[in-house]
Each structure stands twice: as structure tokens, then as C-alpha cells.
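Working through the structure, step by step
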Amino acid sequence: MAFTLCPQCGVQLDEDPSLAPQDGLPCRVCGSTRRRYVQSLEGEVHPRAMLAYKARNATGLRPHREGRSGSSWSTTLKRWLKLDRAIDRQADAYEE
């Protein structure tokens, strides 16, 4: 939705927003020929997140436990999937 306002007094003007400012009539309240154009847009946002972690022992070499949890984009299915993955090397276990 688009509309035109007078920037001096804030009154909404009954003119097409595509009309050039020099072609418009002066404001009926204050007489200003300046214009403020307002455009409204609507949409939706769906945030996604992923948490990844690694746990190392005192040697600091290869992590003994690591995992990921959150939203993951599937290139095969072309949609977002819920991912929960844990790799435990000490217990020789893998969960997904």
C-alpha cells in the first residue's frame, strides 16, 4: 500500500504517489508543495539455527564427543529438517 503525506503537517494527501512532486497541488492544510511517500511491505521470516559442539580431553587431540543440533537444509529433499547428531568416541556410539 502506497500513499502520499505532507511532511510539514502530516496530513494524508489525495494524490497518486506516482505523480511527480512539481505536478501536485499544494497541501490543503498548510500549503506546502513538499511530499513524503510511504510504501508498506509485508512478509514472513522463519529464522533457523544450528548448535555444534566438541568436547576434548586434557590432551586436546581428537574430540571424544561432538554433536550438532538444530535445523539443517536437505539438498535432496529441498526442505528444512530437524537434526540431532551425537558422536561419542569413548563409548563408540553414534546417534542421529
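So, here is what we can say about the structure in this document. (Residues numbered from 1 in each chain as written. Predicted model: local features only at pLDDT ≥ 70, side-chain atom pairs only at ≥ 80, totals over all residues. Heavy atoms only, no water.)

The next point concerns the overall build of the chain. Secondary structure summary: the chain contains zero helices and seven strands in total. Element order for the chain, N to C, with α for helix and β for strand: β-β-β-β-β-β-β. A compact globule built from 96 residues should have a C-alpha radius of gyration of about 12 Å, whereas the chain, at 29 Å, is more than 25% larger. The principal-axis extents of the C-alpha atoms in the chain amount to approximately 80 × 35 × 15 Å. Expressed as a percentage of the 96 residues in the chain, the buried residues total 20%. Element-wise, carbon and sulfur atoms account for 51% of the exposed surface of the chain, whose accessible area totals about 7700 Å². When the 15 basic and 12 acidic side-chain charges of the chain are each reduced to a single mean position, those positions are 7 Å apart. (Helix = DSSP H or I, 4+ residues; strand = E, 2+ residues; numbered from the N terminus. Rg over C-alpha atoms; globule rule 2.2 N^0.38 Å. Buried < 20%, exposed > 50% of the residue type's maximum accessible area, 1.4 Å probe, protein only. Areas by Shrake-Rupley, 256 points an atom, 1.4 Å probe, with all protein chains shown as cover. Lys, Arg positive; Asp, Glu negative; His and termini not counted. Charge placed at Lys NZ, Arg CZ, Asp CG, Glu CD.)

Attention now moves to the packing of aromatic side chains. One pass over the structure, following the stated rule, counts one aromatic pair. Geometrically, the ring pair formed by Trp73 and Trp80 is edge-to-face, given 5.6 Å between the ring centres and 70° between the ring planes. Classification of Trp73 as partly exposed rests on a relative accessible area of 42%. Judged by its relative accessible area of 38%, Trp80 falls in the partly exposed class. (Phe/Tyr/Trp six-rings, centres within 6.5 Å; stacked < 30°, edge-to-face > 60°.)

Looking now at unusual backbone geometry. Of note in this structure, Lys78 is not a glycine but carries a positive phi near 60°. Within the secondary structure layout, Lys78 lies in the loop between β5 (65–74) and β6 (79–88). With phi around 50°, Asp92 is a residue other than glycine that occupies positive phi space. Among the secondary structure elements, Asp92 is positioned in the loop between β6 and β7 (93–95).

The next subject is the sheet that holds β6. With antiparallel pairing, the four strands of this open sheet are ordered in space as β4-β5-β6-β7. Every other strand in the sheet has two partners, leaving β4 (50–55) and β7 as the edge strands with one partner each. Strand-to-strand twist of the sheet, defined as the mean angle between neighbouring strand axes without regard to direction, takes the value 15°. Looking at chain direction, β4 and β5 are connected through six bridges and run antiparallel. Within the sheet, the bridge partner assigned to Ala52 lies in β5 and is Arg68. (Pairing = 2+ DSSP bridges. Axes fitted to C-alpha atoms, helices over the stretch in contact; angles between N-to-C directions.)

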